[in-house]
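Commentary on secondary and tertiary structure
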Amino acid sequence: MKTIEEINQRIKDGDAVVVTATEMTQIVRENGAEKAAEDIDVVTTGTFGAMCSSGAFLNFGHTDPPIKMTKTFLNGVESYSGLAAVDTYIGATQPSRNPDVGIEYGGAHVIEDLINGKDVELVADSYGTDCYPLTEVKTQVNLENLNDAVMINPRNSYQNYAAAVNSTDEPIYTYMGTLLPNMGNVSFSSAGGLSPLLNDPYFQTIGLGTKIFLCGAEGYVIGEGTQHSTEVKRENGVPVDGAGTMMLKGDMKQMDHEFIRGATMPKYGSTLFVGVGVPIPVLNSDIAKRTAIADEDITCRVTDYGVARRSKPTILETNYQELRSGSIEINGVEVETSPLSSYKKAVKIAKELQSWIENGKFLLTSPVNLLAHEGYSPNPLKLGGKLLL
Amino acid sequence: MKAWLYFSPKMANKAVITDLVKNFDVNFNILRADIDSQGGKMLMEINGPEAEQGIAYIENAGINVSPIKRVVKKDENMCIDCGACVSLCPVHAIIVDDDWTVEVKDKECIGCKLCSYSCPTKAIKVIE
């Protein structure tokens, strides 16, 4: 048994033993969880995936005369203005108001451009008030001259996520990418054994206040993400489908373009590739055992996106070792797989976080409130009228 | 070599490729073809001992031959190595390396553009 304070002292002294989740799998296999818990202080995780539920609060500063912005556009992408005068929230999936651009440039691209240091055109208008008489503003903003650029992502880094196929006769275009007809390919998203919430599946260490790697900067977990779910069936201790999520916060001014990217899924919309790495303190042998989870131990359901309903039929169950091998067998046919999240970047994030901790520049925090591990099950939205779909 | 063969409307119904194969010792592979009564174009890989003479023959027959150096190019700065493209490639020209880098193999590419259309970061360009 160790405490976070003891681990932090070892980090400060340069004595902490930090390994990636991939390395931990091998260490526990060779030495067992008891010994690994004694030897290893921190396990680092990583993921770099498309996370639509992301965005940022920006504060522009006040003009003279001042304006209370009620409609705000950044490079032609609308951001939410129902806040105080010069605060806004830019959401990743908001498309451009220009129909010729549409989903090709959305809120995610605005966020990427800001982090990349580019100037962004701000156009806003207002109905004008006695205290905010200006009714229009058109200017350029960039990350340096914004007062605040705070990324707040309502739901990131799903704990497992079903893979997708398409049983219909036509290709379909989804947030899981292009799905070829007649189950012609498989698309999967999770970083598997390297993914943050699969390495702490009962949320024994992660919660409100956990300091993390977020897009190349220090960020924080600020609670359960929206749609957090704890009631999903488990195998080998980990959920077999989308379950827990995290709400995350970070300062865009500190972020690195290498670990964030605006993207567009064709005929679906814009989305943000977010780089997340969570350090897991190895406080006891149970946590050590959980962080040893391997790709082959994590079940992943393959579901049919050809059925455009909330509950998509499961075609089969596989695991991340098979998915990552390049193909899986469906009905006797080898079908090629595509990872939708970058495993290369996920590995890089886990290693980057590892080096931050080893170099003593990143200390662990004790969460104020752990993520809920029971009692969360998202409700469906009931339609009042006739089902149109 | 790979080349685009441009067919004018009057060439559209001529069996030039048949004549090429009958008369010259060439290996060829038609990678793409889009030809109708208005003419069109064909992407062809052509090799073999008499490739040069064969190309001269089809040029003389009235087909405009435009050799290409590259079919596809991946922008390393834009690519995030996700792999969304890998399973879409009909000829397995896109692979994931041992270090999880996504590699697009120009030599095997037939320029179908399924990858470039589906790339989330627009990192793959198919050259016309």
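Residues numbered from 1 in each chain as written. Chains lettered and ligands numbered in written order. Predicted model: local features only at pLDDT ≥ 70, side-chain atom pairs only at ≥ 80, totals over all residues.

A separate point is the interface of chain A and chain B. Tallying the contact residues gives 23 residues for chain A and 15 residues for chain B. Elements supplying a minimum of two residues to the side of chain A that touches chain B: strand 13 (177-179), strand 21 (260-265), strand 27 (333-339) and helix 6 (343-358) of chain A. Its residues placed into classes, the side of chain A that touches chain B shows eleven nonpolar, eight polar and four charged. (Contact = placed C-beta atoms within 7 Å. Helix = DSSP H or I, 4+ residues; strand = E, 2+ residues; numbered from the N terminus. Nonpolar A, V, L, I, M, F, W, Y, C, P; charged D, E, K, R; others polar.)

Turning to the sheet that holds strand 8 (residues 120-125) of chain A, a few remarks are in order. Residues and elements named next belong to chain A. Across the sheet, four strands lie side by side as 6-5-8-9; this open sheet has antiparallel pairing. Of all strands in the sheet, those with a lone pairing partner are strand 6 (77-79) and strand 9 (136-141), marking the two edges. In this sheet, adjacent strand axes meet at a mean angle of 25° when their direction is disregarded. The pairing of strand 5 (residues 71-74) with strand 8 spans four bridges and is antiparallel. Counterpart to Lys 71 in the pairing with strand 8 is Asp 125. On the sheet, helix 3 (residues 107-115) packs against strand 5, strand 6 and strand 8 and is oriented at approximately 125° with respect to strand 8. (Pairing = 2+ DSSP bridges. Axes fitted to C-alpha atoms, helices over the stretch in contact; angles between N-to-C directions.)

Residue and element names in this part refer to chain B. Relative to strand 4 (residues 64-68), strand 1 (residues 2-7) runs antiparallel, the two sharing five bridges. From the neighbouring strand, Ala 3 faces strand 4, where its bridge partner is Pro 67. With six bridges connecting them, strand 1 and strand 3 (residues 39-47) associate as antiparallel partners. Bridge pairing in strand 3 links Trp 4 to Leu 43.

All names here are of chain A. Split by domain assignment, chain A resolves into domain 1 (4-47 + 152-370) and domain 2 (61-146). Contacts between domain 1 and domain 2 engage 13 residues on the former and 15 residues on the latter. No other element matches strand 21, which puts five residues into the side of domain 1 that touches domain 2. (Domains from an automatic or database assignment.)

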